[in-house]
Amino acid sequence: DQQVKQNSPSLSVQEGRISILNCDYTNSMFDYFLWYKKYPAEGPTFLISISSIKDKNEDGRFTVFLNKSAKHLSLHIVPSQPGDSAVYFCAASDPPRGGGNKLTFGTGTQLKVEL
Amino acid sequence: EAQVTQNPRYLITVTGKKLTVTCSQNMNHEYMSWYRQDPGLGLRQIYYSMNVEVTDKGDVPEGYKVSRKEKRNFPLILESPSPNQTSLYFCASSLSNYQGSEAFFGQGTRLTVV
């Protein structure tokens, strides 16, 4: 049962245009969401996060939008650059149950930014 | 440099031969965890540790053991590896147990069990 879903395995965008990566979740107890970026032969690196009390968080070229009623979040990258080509994982965090920082990950979206 | 270090990076082994993948972090993080990444399944948590001598199962703990004798180290032990444990493994650490605390990942260990 995949609680965090990224339905697009891949996305191709031209340099300079907007990249929109989508993520859906089913568990209404999730209340913190993160995006990680992964290059080949490297571990995932943190990109941006959002708390469920917000609907938008922006950091430079990266903006994450959260629609709680639809259980949907998206990552916008504007403008897209070739160095953004990577796999992007959406992750969600449960409230602590006696502690812990368990992240539930989606399956990832491979973004390719073309010249 | 702040980092999470896993060893080895690549490992091919035979069914049933015990192995250990080491993980060490130099950020004094309390929380550490192990994930495996498989095609079409994303990253799934195997085990986690909230502090020294405190460990607990994640979503897919079967066939794995862990220990946390020191704050910086969190080895993953496969007592009797099987081919279905062929996967890409990541160790991660985060500063605290605070929900949503950013996790730092190691570079991964690609394990093949034949």
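Residues numbered from 1 in each chain as written. Chains lettered and ligands numbered in written order. Predicted model: local features only at pLDDT ≥ 70, side-chain atom pairs only at ≥ 80, totals over all residues. Heavy atoms only, no water.

**With respect to a nonpolar patch on the surface**
All names here are of chain A. On the surface, a cluster of nonpolar side chains totalling about 230 Å² of accessible area is made up of Ile 18, Ile 20 and Val 78. Looking at where Ile 18 falls in the secondary structure, it is placed in the loop between strand S2 (10-14) and strand S3 (19-25). Residue Ile 18 is classed as partly exposed on the basis of its relative accessible area, which comes to 41%. (Patch = residues over 30% accessible without salt bridge, like charges linked within 9 Å, V, L, I, M, F, W, Y side chains within 5 Å. Areas by Shrake-Rupley, 256 points an atom, 1.4 Å probe, with all protein chains shown as cover. Salt bridge = Lys/Arg side-chain N within 4 Å of Asp/Glu carboxyl O. Helix = DSSP H or I, 4+ residues; strand = E, 2+ residues; numbered from the N terminus. Buried < 20%, exposed > 50% of the residue type's maximum accessible area, 1.4 Å probe, protein only.)

**Overview of unusual backbone geometry**
A cis geometry characterises the amide bond from Val 78 of chain A onward to Pro 79 of chain A, with omega recorded as -15 degrees. Note that Pro 79 of chain A resides in the loop between strand S8 (72-77) and strand S9 (86-93). Between Asn 7 of chain B and the following residue, Pro 8 of chain B, the backbone shows a cis peptide bond with an omega angle of -5 degrees. Within the secondary structure layout, Pro 8 of chain B lies in the loop between strand S1 (4-7) and strand S2 (10-13). Of note, the phi angle at Lys 71 of chain A is positive, near 50 degrees, even though the residue is not glycine. Assignment of secondary structure puts Lys 71 of chain A in the loop between strand S7 (62-67) and S8. Of the residues examined, Lys 71 of chain A reaches a relative accessible area of 27% and is grouped as partly exposed.

**Topic: the environment of Arg 9 of chain B**
All names here are of chain B. Its place among the elements puts Arg 9 in the loop between S1 and S2. For Arg 9 and Gly 106, which are 97 residues apart along the polypeptide, the C-alpha to C-alpha distance reads 9.8 Å. Polar side-chain contacts of Arg 9 include one of 3.2 Å to the backbone oxygen of Gly 108. (Polar contact = N/O pair within 3.5 Å; in protein donor to acceptor, adjacent residues only side chain to side chain.)

**Details of the packing of aromatic side chains**
A complete count under the given rule lists 12 aromatic pairs over all chains for this structure. Note on Phe 89 of chain A and Phe 105 of chain A: the rings are 6.3 Å apart at their centroids and 85 degrees apart in plane angle, and the pair reads as edge-to-face. Placement of the pair is Phe 89 of chain A in strand S9 and Phe 105 of chain A in strand S10 (residues 103-105), with a sequence separation of 16 residues. According to the relative accessible area criterion, Phe 89 of chain A is buried, its value standing at 0%. Here the aromatic rings of Phe 105 of chain A and Tyr 35 of chain B are separated by 5.4 Å at their centres, their planes lie at 85 degrees, and the arrangement is edge-to-face. Of this pair, Phe 105 of chain A sits in strand S10 while Tyr 35 of chain B sits in strand S4 (residues 31-38), each in a different chain. Judged by its relative accessible area of 1%, Phe 105 of chain A falls in the buried class. Tyr 35 of chain B gets classed as buried once you look at its relative accessible area, which sits at 2%. In textbook terms, an aromatic cluster arises when at least three aromatic residues are bridged by ring pairs, as seen for Tyr 36, Phe 46, Phe 89 and Phe 105 of chain A together with Tyr 35, Phe 90 and Phe 105 of chain B. (Phe/Tyr/Trp six-rings, centres within 6.5 Å; stacked < 30°, edge-to-face > 60°.)

Nothing here speaks to function; it is geometry throughout.
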